[in-house]
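A closer look at the structure
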Amino acid sequence: MINTKLAEMLNEIADMLELEGEKYSRFEVLAYRKAAVTIGSLQEDVEGIYRKSGVEGLMELPGIGKGIAGSIKEYIETGKLSKYEMLKKKYPLDLANLTKIQGMGAKKAFKLYQNLKIKDVNGLKKALEQQKIRKLEGFGEQSEEQIKKGIALLESGGGRMLLGTALPEAEAIRDKLVKSGLIEKAVIGGSTRRMRETVGDLDILLMSSKGEKAMDFITSLPEVESVLVKGPTKTSVRLKIGLNCDFRVVPKESFGAALQYFTGNKDHNVKLREIAIKKRLKLSEWGLFDRKEKNVAAGESEEQVYKVLGLDWMEPEMREDRGEIDLAQQHRLPALIKGSDIKGDLHVHSKYTDGADTLEELAEAAARLGLKYIGMTDHSKSEYITGGMGDKEYEKYFAAIDKVNDKLGGKIKLLKSGEVDILKDGSFDVSDKTLDQMDYVLGAIHTSTKMGRDEMTKRVVKAMESGYLNIFAHPTERLINERNPIALDLDKVFEAAKKNNVVMEIDSQPSRLDLSDENAIKAKKYGLKFSIDTDAHRTSHFQYMRYGVAVAKRAWLTKIDVVNTKETDELLKLLKK
Ligand code: DGT
Ligand code: CA
Ligand code: CA
């Protein structure tokens, strides 16, 4: 799938136009940024859309105008983007990766290029070693330190890719294989199937009687950058998006066992193997064998493997060796929450602040997805970059919401809320009167994020004790591989949340996933409730819900743990203060 690469290039064009300065309007820069977000967050292959519906189809995507649609067409047809190539001549530096470093914008990166000929992250590292950067005007020892920290944070991810990027890619490849007619079955396994927040590599299992042809098809896919290993049953490739992918062709009678094995995780598998040994059986990716070497779990399904071992089948999200094997043996597995349990989304942004779509567009899109309500949570004034609102603006906002609700005639309901900043002292940055008018209050920390642990914890606890806070949004403020969590004593925060009936958010944005699965497990121990939200800034972001639901499943949450599984009236009662 070309989405990730294309989005990266569109973003780089925006960066380079910005560097060009006055020659280009802010409007044009913004258009490229918007297009990059649209393409980057798209859950289906943009090439597929073009092949099916042409430039018109592209223009139906939010934020894609005629000009950029033409560029996308050019890229799909020729593999090149002339605007990008032209600008790149003047700015031959790896902006895409340099700007991934926290605190490194295009301007800074270009300055480093102009003065020190730094072109990429490796060059930057060398210059840091040689202490060259501190001597530049506008930089200093402190900024050297900051850049070093940014690089360390980026590399601490160990090259693991966000699930939100890896999964759509895996699905696109799987779908192409299915369409090819060369295979009977293709299933995505590994950490992707377990829906881990990041993925080390992709694992795809195939059932095929034309193994060699299938492998030829795979190695000639446009997604593939290079072939690492190629054989009739096992092929590994490097994908252009910067991820490896293992393919294995497995015979039908071993498929269930192989799927179980290649889903893992490793610790879960090791435990299963021990259980097999106790039953005098041998478990491998080829099957479950008795002493006469007969496969007693032959066939396509995993269920059989678990069943013969005396366990109930469990969802892949649970297979992390966190106690699920014992529960499966005792037939006491929890009934995990499902995507279809979700009735609404309580964290959504519109054009009123930094969202791309109108209230009505958001409502229509959410209704099409079968949601019964969405909570409108545009920002408060401290988030001034987003055009955050004060009391007066909120009044207009709520009136507009009423109007749209009248027009919608009950098809879906917009709820009145706001993503209200929790200030340094734990107070909110809008008046109590405004808070009173909200159906519920979603509070978040965005400013003064470097506070120490005690102070930060007090700040959050105070907001919870105010009696106004209903949902604590993206509680740790982390961005995976990009920004560390704020310093919080989560035990104290969860205790205060329990006392004050504050719901914890699981933010479904792929780079946030906040709370994480581990923190959600901890929060559940305190008896807390959760709200799984998309934090949508455009209608296409509603698609992110599946990532938040996956976090919830990985934390063993059930329907009753999650407030936005309730019908509208029930939910409003629950959130009333
Ligand atoms: P990743 O790729 O780092 O995100 O994580 P996984 O879980 O996808 O790991 P990967 O790709 O190395 O292996 C795929 C699956 O194969 C893994 O989930 C479990 C299984 N597996 C890998 N190595 C071993 C092993 O040494 N023993 C057993 N029993 N299973 C293994
Ligand atoms: Ca893997
Ligand atoms: Ca692998």
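Predicted model, so just to flag it, every value in this text is computed and none were measured.

**Quick word on the pairing of strand β16 (residues 503-507)**
For β16, a buried count of 5 out of 5 residues is recorded, marking the element as mostly surrounded by other parts of the structure. The two faces of β16 match: Val503, Glu505 and Asp507 on one face and Met504 and Ile506 on the other face are all buried. Bridging between strand β15 (residues 471-472) and β16 involves 2 bridges; their strand directions are parallel. Looking across to β16, one finds that Phe472 is bridged to Met504. Pairing analysis gives 4 bridges linking β16 to strand β17 (residues 530-533), with the strands arranged parallel. Within the sheet, the bridge partner assigned to Glu505 lies in β17 and is Ser531. Considered for its hand, the β-α-β crossover made up of β16, helix α22 (residues 517-525) and β17 is right-handed.

**A few points about the environment of Thr386**
Within the fold, Thr386 resides in the loop between β11 (373-376) and α18 (391-408). Distance from Thr386 to Gly355, taken between C-alpha atoms, is 8.6 Å for residues 31 residues apart in sequence. Ignoring sequence-local partners within four residues, the contact set of Thr386 consists of Thr353, Asp354 and His379. Among the polar contacts made by the side chain of Thr386, one reaches the main-chain amide nitrogen of Gly388 at a distance of 3.4 Å.

**Some details on the domain arrangement of the chain**
How large an interface is tends to be reported as the accessible area lost when its parts come together. The domain boundaries assigned to the chain delineate domain 1 (3-156), domain 2 (161-249), domain 3 (262-329) and domain 4 (339-575). Here domain 1 and domain 3 have C-alpha centroids that lie 46 Å from each other.

**Brief notes about the pattern of salt bridges**
This structure, assessed with the given rule, holds 40 salt bridges. Put simply, Glu300 and Lys252 hold a salt bridge, and the shortest N to O gap is 3.5 Å. With Glu300 in the loop between β9 (287-289) and α15 (302-308) and Lys252 in the loop between β7 (243-249) and α13 (255-263), this pair connects stretches of sequence that are 48 residues apart. We classify Lys252 as partly exposed; its relative accessible area is 48%. Two residues, Arg512 and Asp535, come together in a salt bridge whose shortest N-O distance is 3.7 Å. Separated by 23 residues along the polypeptide, Arg512 in the loop between β16 and α22 and Asp535 in the loop between β17 and α23 (545-554) bring together distant segments of the chain. For Arg512, a relative accessible area of 14% gives the class buried. Judged by relative accessible area, Asp535 falls into the buried class, the value being 4%. Each of Arg194, Glu320, Arg322, Asp517 and Arg554 takes part in one network of salt bridges that share partners.

**Some remarks on the sheet that holds β11**
As summarised here, the arrangement of the 3 strands in space is β10-β11-β12, forming an open sheet in which the pairing is parallel. Each edge of the open sheet carries a strand with a single partner, namely β10 (344-348) and β12 (413-416). Strand-to-strand twist across the sheet, computed as the mean angle between neighbouring axes with direction ignored, equals 20°. Packing against the sheet, helix α24 (residues 568-575) makes contact with β10, β11 and β12, and its axis sits at approximately 5° to β12.

**Observations regarding the packing of aromatic side chains**
Counted under the stated rule, the structure contains 9 aromatic pairs. Plain terms: the ring middles of Tyr397 and Phe398 are 5.9 Å apart, the flat faces sit at 40° to each other, and that makes the pair tilted. Side by side, Tyr397 and Phe398 carry an identical accessibility label, which is buried. Here a set of aromatic residues connected by ring pairs shows up, and it is made of Tyr352, Tyr394, Tyr397 and Phe398.

**With respect to the coordination of the calcium ion (ligand 2)**
Protein ligation of the calcium ion (ligand 2) involves Asp201 (O), Asp201 (OD) and Asp203 (OD), the donor distances falling in the range 2.2 to 2.5 Å. One can describe the donor arrangement at the calcium ion (ligand 2) as irregular, given that its 6 donor atoms subtend angles of 70 to 169° at the metal. Taken as an interatomic distance, the gap from the calcium ion (ligand 2) to the calcium ion (ligand 3) is 3.7 Å; Asp201 donates to each of them.

**Side note on the packing of helix α1 (residues 3-20) against helix α2 (residues 26-41)**
At a closest axis distance of 8 Å, the pairing of α1 and α2 adopts a crossing angle of 165°. Here α1 is positioned roughly antiparallel relative to α2, judged by the angle of their axes. As for how α1 packs across α2, the hand of that crossing is left-handed. Along the contact surface, α1 presents Asn3, Leu6, Ala7, Leu10, Asn11, Ile13, Ala14, Asp15, Leu17 and Glu18, while α2 presents Glu28, Val29, Tyr32, Arg33, Ala35, Ala36, Ile39 and Gly40. In the contact of α1 with α2, the residues fall into 11 nonpolar, 3 polar and 4 charged.

About the criteria used
- Residues numbered from 1 in each chain as written.
- Chains lettered and ligands numbered in written order.
- Predicted model: local features only at pLDDT ≥ 70, side-chain atom pairs only at ≥ 80, totals over all residues.
- Heavy atoms only, no water.
- Buried < 20%, exposed > 50% of the residue type's maximum accessible area, 1.4 Å probe, protein only.
- Helix = DSSP H or I, 4+ residues; strand = E, 2+ residues; numbered from the N terminus.
- Pairing = 2+ DSSP bridges.
- Right-handed = clockwise from strand over helix to strand, strands pointing away.
- Contact = heavy atoms within 4.5 Å.
- Polar contact = N/O pair within 3.5 Å; in protein donor to acceptor, adjacent residues only side chain to side chain.
- Domains from an automatic or database assignment.
- Salt bridge = Lys/Arg side-chain N within 4 Å of Asp/Glu carboxyl O.
- Axes fitted to C-alpha atoms, helices over the stretch in contact; angles between N-to-C directions.
- Phe/Tyr/Trp six-rings, centres within 6.5 Å; stacked < 30°, edge-to-face > 60°.
- Donors = N, O, S within 2.8 Å, 3.2 Å for Na, K, Ca; no water.
- Tetrahedral: all angles 85-135°; square planar, octahedral: opposite > 155°, others 65-115°.
- Parallel < 35°, antiparallel > 145°, perpendicular 65-115°, else oblique.
- Left-handed = near helix turned anticlockwise from the far one by under 90°.
- Nonpolar A, V, L, I, M, F, W, Y, C, P; charged D, E, K, R; others polar.

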